[in-house]
Amino acid sequence: MVGPIPAMLRGLIDDAALFPPGNAPMQAAVPAHRGYRQSWFEAMVGPLLVPQSRLAELARNLGRGELRIGVIVDGDLEQVAGDVAALPPQVTVLHYESRHALDHLVKFAPSWGKPVFAELPFGDDALDAVRATGFTPKFRTGGLAAEFFPAPETLAAAISGCRLRGLQFKLTAGLHQAVRHRDPATGFDHHGFLNVLVAAAEAFDGARTDDLAATLAGTDAADLASRARRVLDRPRALWTGYGSCSIDEPLHDLTELGLLHRGTLSEKDSA
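Figured I'd write up the structure that's included with this text. (Residues numbered from 1 in each chain as written. Predicted model: local features only at pLDDT ≥ 70, side-chain atom pairs only at ≥ 80, totals over all residues. Heavy atoms only, no water.)

1. Some points on the packing of helix 6 (residues 152–165) against helix 7 (residues 193–204)
Here helix 6 crosses helix 7 at 40 degrees, and the two axes come no closer than 10 Å. By the angle between their axes, helix 6 is oblique relative to helix 7. The way helix 6 lies across helix 7 gives a crossing that is right-handed. Facing helix 6, whose interface residues are Leu155, Ile159 and Arg163, helix 7 presents Val196, Ala200, Ala203 and Phe204. Of the residues that constitute the contact of helix 6 with helix 7, the class distribution is 6 nonpolar, no polar and 1 charged. (Axes fitted to C-alpha atoms, helices over the stretch in contact; angles between N-to-C directions. Helix = DSSP H or I, 4+ residues; strand = E, 2+ residues; numbered from the N terminus. Parallel < 35°, antiparallel > 145°, perpendicular 65-115°, else oblique. Left-handed = near helix turned anticlockwise from the far one by under 90°. Contact = heavy atoms within 4.5 Å. Nonpolar A, V, L, I, M, F, W, Y, C, P; charged D, E, K, R; others polar.)

2. A closer look at the nonpolar core
Note that soluble globular proteins tend to have their nonpolar side chains buried in a common cluster. Ranked by size, the top nonpolar core spans 82 residues in total, and within it Leu58, Ile69, Phe169 and Trp239 carry the most contacts. At 9 residues, the largest contribution of residues to this core is made by helix 7. When neighbours within four sequence positions are excluded, Phe169 is seen to be in contact with Thr136, Pro137, Phe139, Ile159, Cys162, Val196, Ala200, Leu238, Trp239, Thr240 and Gly241. (Core = buried A, V, L, I, M, F, W, Y, C linked by side-chain atoms within 4.5 Å. Buried < 20%, exposed > 50% of the residue type's maximum accessible area, 1.4 Å probe, protein only.)

3. Quick notes on the pairing of strand 6 (residues 136–140)
For strand 6, the tally of buried residues reaches 4 of 5 residues, placing the bulk of the element in the interior. Of the strand pairs in this sheet, strand 5 (residues 116–119) and strand 6 are connected by 3 bridges, and their pairing is parallel. Directly across from Ala118, in strand 6, lies its bridge partner Pro137. Once the chain exits strand 5 it traverses helix 5 (residues 124–131) before rejoining the sheet at strand 6, and the crossover so formed is right-handed. With 3 bridges connecting them, strand 6 and strand 7 (residues 169–172) associate as parallel partners. By the bridge assignment, Lys138 is partnered in strand 7 with Lys170. (Pairing = 2+ DSSP bridges. Right-handed = clockwise from strand over helix to strand, strands pointing away.)

4. Section: unusual backbone geometry
In the segment running from Pro20 into Pro21, the intervening peptide bond is cis, with an omega of 0 degrees. Of note, Pro21 is situated in the loop between strand 1 (13–15) and helix 1 (26–37). Its identity as a non-glycine residue notwithstanding, Asn23 has a phi of 50 degrees, on the positive side. One can find Asn23 in the loop between strand 1 and helix 1. Here the phi dihedral of Ala173 falls at roughly 80 degrees; this positive angle occurs in a residue that is not glycine. Inspection of the secondary structure puts Ala173 in the loop between strand 7 and strand 8 (181–182). A relative accessible area of 18% means that Ala173 is categorised as buried.

5. What to know about the sheet that holds strand 5
Adjacent strands of a sheet form backbone hydrogen bonds with each other and so pair up, either parallel or antiparallel. In space, the 8 strands of this closed barrel follow the order 1-2-3-4-5-6-7-10, with parallel pairing throughout. Strand-to-strand, the axes of this sheet are offset by a mean angle of 35 degrees, without reference to chain direction.

6. Some words on helix 6
Here helix 6 contains 14 residues, and its C-alpha end-to-end distance of 20 Å stays within 8% of the 20 Å for a straight helix at 1.5 Å per residue. Those residues of helix 6 that fall on the buried side of the exposure criterion are Pro152, Leu155, Ala156, Ala158, Ile159, Ser160, Gly161, Cys162 and Arg165. Buried residues along helix 6 sit in contact with helix 5, strand 6, strand 7, helix 7 and helix 8 (209–217). (Expected span 1.5 Å × (residues − 1).)

7. Regarding the packing of helix 5 against helix 6
Where helix 5 contacts helix 6, the two axes come as close as 10 Å, and the packing angle between them is 35 degrees. For the pair helix 5 and helix 6, the crossing hand works out as right-handed. Together, Asp124, Leu127, Asp128 and Arg131 of helix 5 and Ala158, Gly161, Cys162 and Arg165 of helix 6 make up the contact between the two elements. A class-by-class count of the residues in the contact of helix 5 with helix 6 yields 3 nonpolar, 1 polar and 4 charged.

This is the structure in structure tokens:
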């Protein structure tokens with residue numbers, strides 16, 4: 001089913017329901033993801049992200065129908081190909097993500113035959129190193145401790161660095177809500193995915209790093225929504241998207257801000 005999803009929002013959110021803080025059981029995550037695939041907002045949702053260490057469990061809980069996944073490589077690199085080969089034919093792997101060191105990853109990942117997102121520390125040295133590998137950099141923007149949440153200036157520098165090197169980037173963790181905010185339970189300042197959306201579009205257009213940092217630090221939802229509307233019909237050129245254990249929270253924020261509307265499907269779309 002094809003929903004009325006603007007180009008900038010298509011494939012924005014990979015389904016990380018199996019990961020913290022959601023930690024959904026496999027028996028719940030798989031049917032929930034199948035539900036997203038049948039929803040009006042299906043085009044906004046990427047593949048289900050599954051740890052390499054749980055691929056056998058996935059195979060036991062597949063149910064019927066095809067399933068598209070991204071594999072989070074959390075085991076031995078030597079075993080990835082065999083673990084994936086053991087999956088039933090109804091499972092299609094779209095990409096891989098790994099925190100392994102680049103020098104180890106380059107020995108095995110090219111043979112996997114799919115895009116690879118390499119999680120990196122922030123900094124120009126890491127970007128220079130990944131550029132030669134053909135992998136897409138991935139950065140962590142949240143976690144269980146304050147140090148996992150990069151400052152706006154740090155993330156802005158990474159976005160600018162990717163643009164200057166002709167790289168795309170992916171993000172993970174902490175981006176459940178549209179606008180930057182402080183979690184009252186933890187006191188952590190979370191990045192907003194709408195802030196990133198606008199900043200990445202501005203970076204592609206040549207904005208300075210300082211201006212990107214200001215966008216990432218912004219908390220004015222109305223202003224961010226207004227700026228986002230100007231670029232919604234453009235595909236994302238720099239930011240490939242992000243993984244979120246919640247699909248409902250981003251969906252709620254986008255509809256509340258008027259950036260996403262549940263429209264009536266045309267006869268052509270529903271055919």
